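Survey of secondary and tertiary structure
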Amino acid sequence: MNKDLLLYEKSQPGRRTLRLGRLDVPAADLSALPAGALRRTPPDLPELGELELVRHYVRLSKKNVSIADSFYPLGSCTMKYNPVLNEAATAIPGFNAIHPLQDSGRVQGALAVMKRVADALAAVTGLPGVTLHPAAGAQGELTALLVAHRHFVETGQKQRKMVLIPDSAHGTNPASASIAGLQAVEVASGPDGLVDLDDLAAKLGEDTAVFMITNPSTLGLFETKIAKISEMVHAAGGLVYMDGANLNAILGVARPADFGVDMMHINLHKTFSTPHGGGGPGAGPICVTQELERYLPSPRVVEEEGGLRLDYDTPYSIGMLRGWAGNFGVLLRAYCYIRRLGAEGLLRVAQNAVLNANYLRVKLRGAFHVPYDRMCMHEFVCNTKNQREQGIHAVDVAKRLIDLGHHPMTIYFPLVVSEAMMIEPTETEAKETLDAFVADMLLIAEEAKHEPEKLHAAPVTTPVGRLDEGRAVKDPVLCYTCSH
Amino acid sequence: MPFIQNTDADRAAMLAAVGVKTLEDLFEGIPAELRHKGPLPIDAGLSEDELWSELQELASWNSTTTAGCFLGAGMYRHWWPRVVDALQGRQEFVTAYTPYQPEASQGTLTAFFEFQTMVAALTGMEVANASMYDGSSAAAEAVVMAANLTRGRDKVVVSRGVHPHTRRTITTYLEWTGLEVVEAPLGADGRTELGGLLDDKTCALVVQSPNTLGVIEDGAAQAAAAKQAGAISVACVYPIALGLLESPGAQGFDVAVGDGQSLGVPTAFGGPSFGLFATRLANVRRMPGRIVGQTVDGQGRRGFALTFQTREQHIRRAKATSNICTNNALIALRGAIYMAAAGPAGLREVAEHCLAKTQYAARELEALPGFSLRYGAGASFNEFVLDCPVPAAQVNRAVDAAGMIGGFEIGRWYPELGPNALLLAFTELTTRREIDALVRTLAPLAAAATVA
């Protein structure tokens, strides 16, 4: 029996899962609709009974590697445990069955959750202006750059159009700059993996709008000269933006405001443990200085006599980047996480995340080359330099890891390290899991020497082997019914 | 400490392996003067049961829509089979990430491929992506794509009937692009009046049907007008309505976008939802977002992988078609399961129930003296503007006192409709009993207004 059929291949005319009860009003009068309004052919959706539907998705779920079944050290993504209670919270009718246009007096609980999350983020970052509106980190970056652009226009500094971005940054940084009508300029990294201050100084000037920095960096290193960098950027009249993708490492240890950051985004699906969901939903709140707060998107949660309300009337605001106030369900999960941990727990998160990362670094550095081999933060980058002679690439190590029961690390990022393998264990993993991963990585290093073909052939335990991704572009099949 | 498994003994052994004495020593890279002294001003942690009690209390401060709610205006209360919760809630889906390693992510990738197929089928388009954040941002991205496809044209015509959040999102995304947004007004019949707005400078026309006033637009005529002007036509859809109403693809639109909330997603105070994005195959290289394609492995077995990645920010950086990365995959999966559970017959049944309830409510409310339907009974799918003899806010207070949630005071978004206009929405979950209760609640207002 072929268990790999698609929904459309299982479909049988006349079947369905969703059936409504008897209509308690007269049937719809279709003739009342405007001429031409009715659909001529029904949508070609699959037709399945409930049992087949259940089997289909249960089988699909088993073809995923997830945090729930495996170690998932995907660098820069902070794949920590997602507490089950937080999922249950979102199913409470008082949070689930509420409409965003209800009178504010009838949704004080939802507004309180939002206010408390915003207050906690302000406490963590030291930046008082918080918006929970952006749908994900990249939208948070865009929001902040739009805020910066508006700020410079409002203050008569229209010429500030350059966004300086280190070469190790996420691709979303320059992509967001383009949409915000600003121009991305790359800043080099020095030999220590940190920002090259000479290069930065050379590129700062009267046209500087924003310096975007990921701190800790994508190499897992804290920018030790961050205070000096901020001073330089501020002296040139620019704003410092921090990509908060790696905030997990410094929770309760250091506040970005204290090292000169003016604006930053936070990925709630990373640091605050809301699940990654196969690629979202996330939430990308941004925190800014008091000076920039008035430009934040609409609506804002405001506190007035008589309670909280959503204020859509925000004259200086850059506008909206999506419908409604924010991804409330994601904010609620983050709220649960913050409440479980408290101030002390958040600090423990950072400490244990950094400990786990350094433990892996020292255990792996004998077998794999670690280009910046010093105390790291929540993650570190190694590569396959030691395996180059055997023709082993980062992708081979990654695929072999799948066969050994782990999700691979991030590979080929950051771009500044060739054959990069970026490892982020997170604080929620136990020492014995890390030890098992180390043992398998050391096994792979041995296999690279003696059985390199085993690595090239991997993975062999998965539903499919390495896929022909070139063919997917050359001969695109993007839709089942369109090609049959 | 919650969620941290390592014991003090584990930590001691690991610190020794790293070669430091204390946890603080691990942070040597952070200059001492930059470290935060003392605890953050955040309350102490709670146990799971303590948190649960707190959540119940917070939730009790919210009134739910379950006792009857006539709010819509872009978010609608629909039924979803509970199998949707069970399947989407599986930890293997919830706790995985973007399928960068396709061999380890065939579950998510297959589900996206099927999702794309179902969205293309629903909208009548040739290709769909694996979801956007929501309907509003999808519309903004569609305009950006249209501008890229029609370089040199710098005018975007957006109907006033498009949801105000979507219009505002489009304006925000376009602020620094040099594109000009022009609003097409609504006529006395509630439909968009394009007049002479479409010209050879127009890159995109954005319309919505049913529009924010609940009125079904003449999509075929709009798409044809855009085509004649050489502009890209973008239709904002309400997916449930497509069970009954003509698809944008069949009407001749170039792009269909929409919010997926009605496909099995709770209203949850506005999110997370997901966005649909579908278009013609010719536009695929300009499309934003993740796209999943079918291919084969070394043994010829069918498999799925992310494709056309050179459009995306992690490769193309500043020149990417969009900055989108993490989007709303898990909610899109909900939408996929819902569409598969409904099938064409289920979707049509839901749409017909929505229409039937709306037509029933229209007849009953129109019969009340002093109340009238602004655009007539035949213009709507599941939502209409009711002109009341008293301010809509007063009507809503009466509905609230009756233990239900009233409609939306649409004058807040469309001041030209006046303070007495109330936008009411009906779905398959609206019962006759609720509609009758609404009518009973409104009747005395009519009488009082007549006496006054």
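This one's a predicted model, so the numbers in the text were calculated from it and none came from an experiment.

Once that is clear, we can look at empty space enclosed by the protein. All names here are of chain B. Here the structure, examined in full by the defined rule, presents 9 cavities of 30 Å³ or more. As a volume, the largest cavity reaches approximately 370 Å³. In terms of lining, the largest cavity is formed by 28 residues, of which the most central are Gly74, His163, Gln208, Val237 and Asp259. Of all elements in the fold, only α6 (135-149), α7 (164-174), β4 (202-209), β5 (232-237) and β6 (255-259) reach the threshold of two or more residues within the lining of the largest cavity. The greatest single-element share of the lining of the largest cavity, amounting to 3 residues, is contributed by β6. Residues of the lining of the largest cavity, tallied by class, amount to 9 nonpolar, 16 polar and 3 charged. Split by domain, the residues of the lining of the largest cavity number at least three in each of domain 1 (68-77 + 343-451) and domain 2 (83-338).

Right, let's talk about the pairing of strand β8 (residues 292-296) of chain B for a bit. Residues and elements named next belong to chain B. In terms of burial, β8 is a largely internal element, 4 of the 5 residues being buried. In the sheet, β8 pairs with strand β9 (residues 302-306) via 5 bridges, with the strands oriented antiparallel. Bridging across to β9, Val296 finds its partner in Arg302. Here β8 folds back onto β9 in antiparallel fashion, the turn holding 5 residues, of which Gly300 has a positive phi close to 80°.

Let us look at the sheet that holds strand β3 (residues 183-187) of chain A. Residue and element names in this part refer to chain A. Here we have 7 strands laid out as an open sheet, ordered β1-β7-β6-β5-β4-β2-β3, and mixed in their pairing. Among the strands making up the open sheet, the edge pair consists of β1 (129-131) and β3. Averaged over all pairs of adjacent strands, the angle between strand axes in this sheet comes to 20°, irrespective of strand direction. By the bridge criterion, 3 bridges tie strand β5 (residues 239-243) to strand β6 (residues 263-265) in an arrangement that is parallel. Across the sheet, Tyr241 pairs through a bridge with Met263, a residue of β6. Along the sheet, helix α7 (residues 172-179) contacts β2 (162-166), β3, β4 (208-214) and β5; its crossing angle with β2, the most-contacted strand, is approximately 175°.

Here we take up the sheet that holds strand β10 (residues 380-383) of chain A. All names here are of chain A. The 3 strands lie next to each other as β10-β12-β11, forming an open sheet whose pairing is antiparallel. Edge positions in the sheet fall to β10 and β11 (410-411), since each of these pairs with one other strand and no more. With 4 bridges connecting them, β10 and strand β12 (residues 420-423) associate as antiparallel partners. Bridged to Cys382 within β12 is Met421.

A few words on the interface of chain B and chain A. The partner chain A presents 209 residues to the 183 residues of chain B that form the contact. For the pair chain B and chain A, the summed buried surface comes to about 16,800 Å²; carbon and sulfur atoms form 65% of the total. Its largest share of buried area at the contact with chain A, chain B owes to Phe3, Trp176 and Phe269 of chain B, together 6% of the area lost on that side. Our count for the chain B to chain A interface comes out at 10 salt bridges. Salt-bridge contacts for Glu175 of chain B lead to Arg150 of chain A; the nearest nitrogen and oxygen are separated by 2.9 Å.

In this section: the domain arrangement of chain A. Residue and element names in this part refer to chain A. In terms of domain boundaries, chain A breaks down into domain 1 (86-340) and domain 2 (344-469). Here the C-alpha centre of domain 2 lies 30 Å away from the C-alpha centre of domain 1. Each partner contributes residues to the interface: domain 1 has 26 residues there, and domain 2 has 21 residues. A combined buried area of about 1,800 Å² lies between domain 1 and domain 2, and 67% of that area is made up of carbon and sulfur atoms. Contact with domain 2 buries area across many residues of domain 1, yet Leu219, Asn248 and Ala249 alone supply 28% of it, more than any other trio. Taken together, the links from domain 1 to domain 2 amount to 0 salt bridges. Counting across the interface, domain 1 meets domain 2 through 5 residue pairs in polar contact (both at pLDDT 80 or more). Residues that form the side of domain 1 that touches domain 2 fall into these classes: 14 nonpolar, 10 polar and 2 charged.

Below, the discussion takes up the side chain of Thr123 of chain B. Residues and elements named next belong to chain B. Assignment of secondary structure puts Thr123 in helix α5 (residues 106-123). Here Val119 takes part through its backbone oxygen, which lies 2.7 Å from a polar atom of the side chain of Thr123. Residues within four places of Thr123 in sequence aside, it is in contact with Leu242, Ser247, Pro248, Gly249, Ala256 and Ala278.

Procedures and definitions
- Residues numbered from 1 in each chain as written.
- Chains lettered and ligands numbered in written order.
- Predicted model: local features only at pLDDT ≥ 70, side-chain atom pairs only at ≥ 80, totals over all residues.
- Heavy atoms only, no water.
- 1 Å grid on protein atoms, 1.4 Å probe; cavity = no way out; pocket = protein on both sides within 12 Å on 5 of 7 lines; lining within 4 Å.
- Points joined across faces, edges and corners; volume = space filled by probe spheres on them.
- Helix = DSSP H or I, 4+ residues; strand = E, 2+ residues; numbered from the N terminus.
- Nonpolar A, V, L, I, M, F, W, Y, C, P; charged D, E, K, R; others polar.
- Domains from an automatic or database assignment.
- Buried < 20%, exposed > 50% of the residue type's maximum accessible area, 1.4 Å probe, protein only.
- Pairing = 2+ DSSP bridges.
- Axes fitted to C-alpha atoms, helices over the stretch in contact; angles between N-to-C directions.
- Contact = heavy atoms within 4.5 Å.
- Buried area = accessible area lost by both parts, 1.4 Å probe.
- Salt bridge = Lys/Arg side-chain N within 4 Å of Asp/Glu carboxyl O.
- Polar contact = N/O pair within 3.5 Å; in protein donor to acceptor, adjacent residues only side chain to side chain.

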